[in-house]
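Tertiary structure, described
Listed here are the chains, written in short residue letters.
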Amino acid sequence: MATELLVDGMLSGTGIRDAINGGYIDPKSIGLSEQLACGLTSWLARYEDAHFAGFPDDLVAELDKNGMALASRIREELTGTTVGYFSNGLMRRLD
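Scope of this entry: the structure provided in the associated data block. (Residues numbered from 1 in each chain as written. Predicted model: local features only at pLDDT ≥ 70, side-chain atom pairs only at ≥ 80, totals over all residues. Heavy atoms only, no water.)

**Re the overall build of the chain**
Where we set the bar: Numbering of helices and strands runs from the N terminus, with a helix taken as a DSSP run of H or I at least four residues long and a strand as a DSSP run of E at least two residues long. Each residue gets one of three labels from its accessible area relative to the maximum for its type: buried under 20%, exposed over 50%, partly exposed in between, using a 1.4 Å probe on protein chains only. Any two residues having at least one pair of non-hydrogen atoms within 4.5 Å are treated as being in contact. In short, Shrake-Rupley with a 1.4 Å probe defines the accessible areas, and a residue's cover is counted only from the protein chains shown. Neither His nor the chain ends contribute to the count of charged residues, in which Lys and Arg are positive and Asp and Glu negative. The location of each charge is read from NZ of Lys, CZ of Arg, CG of Asp or CD of Glu.
Along the backbone of the chain there are two helices and four strands. Overall, the chain shows an N-to-C arrangement of helices and strands of β-β-α-α-β-β. Taken over the C-alpha atoms alone, the chain extends approximately 35 × 25 × 20 Å along its principal axes. Among the 95 residues that make up the chain, the fraction classed as buried is 39%. Sequence separation of at least 24 residues holds for 52% of the intrachain contacts in the chain that already meet a minimum separation of 6. Of the roughly 5,100 Å² of accessible surface on the chain, 52% is carried by carbon and sulfur atoms. Computed over 8 positive and 14 negative side-chain charges, the separation of the two mean positions in the chain equals 4 Å.

**Thoughts on helix H1 (residues 34–52)**
Selection criterion: Given a helix with a known number of residues, its expected span is that number minus one, times 1.5 Å.
Taking 1.5 Å of rise per residue, 19 residues should cover 27 Å, and H1 covers 27 Å from first to last C-alpha, within 8% of that figure. Buried residues along H1 sit against strand E1 (4–8), strand E2 (16–18), helix H2 (57–77) and strand E3 (82–87). Count one or two residues on from H1 and you reach Gly54, which has phi positive near 85°.

**A closer look at the packing of aromatic side chains**
Any two aromatic rings considered together are summarised by their centre-to-centre distance and by the angle between their planes. Worth spelling out the cut-off: Any Phe, Tyr or Trp ring, taking Trp's six-membered ring, that has another such ring centre within 6.5 Å forms a pair; planes under 30 degrees apart are called stacked, those over 60 apart edge-to-face, and the others tilted. Geometrically, a lysine NZ or arginine CZ counts as sitting over a ring once it is within 6 Å of the ring centre and also within 35 degrees of the ring normal.
Within this structure, the stated rule accounts for three aromatic pairs. Judged by centre distance (5.3 Å) and plane angle (75°), the ring pair of Trp43 and Tyr47 falls under edge-to-face. Note that Trp43 and Tyr47 are positioned in helix H1 at a spacing of four residues, about one turn of the helix. Note on accessibility: Trp43 and Tyr47 belong to one class, buried. By relative accessible area, which is 0% here, Tyr47 ends up buried. Here a set of aromatic residues connected by ring pairs shows up, and it is made of Trp43, Tyr47, Phe55 and Tyr85. Across the ring face of Phe86, the terminal group of Arg17 is positioned such that the distance to the ring centre comes to 5.1 Å.

**Quick look at the pairing of E1**
Quick reminder of the rule: Two strands make a pair as long as DSSP finds a minimum of two bridges between them.
With four of five residues buried, E1 lies mostly within the body of the structure. The sheet contact formed by E1 and E3 spans five bridges and is parallel. Along E3, the bridge assignment pairs Leu5 with Val83. Both E1 and E2 contribute to a ladder of three bridges, which runs antiparallel. Within E2, the position partnered with Leu5 by the bridge is Asp18.

Here's what the structure looks like:
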């Protein structure tokens, strides 16, 4: 398993990217709880909506706040793994 993950809202992604080797990872394949995996999927769907709405500033700010909270929860579940956050709306890493 990758030792550095990035939570991101990329339109074609899964919500979790391997920050070292590249590519997206199925959240369930890395041992996330069902609740957290479902939360990530829901957040990703909202980020997709923001993409098609042109990334309104207020919506991106809310989604990024939620995404950083998801990254924190993933860190707690996957001890020993570095988990960062990439804002697709701002196109930069926020951690």
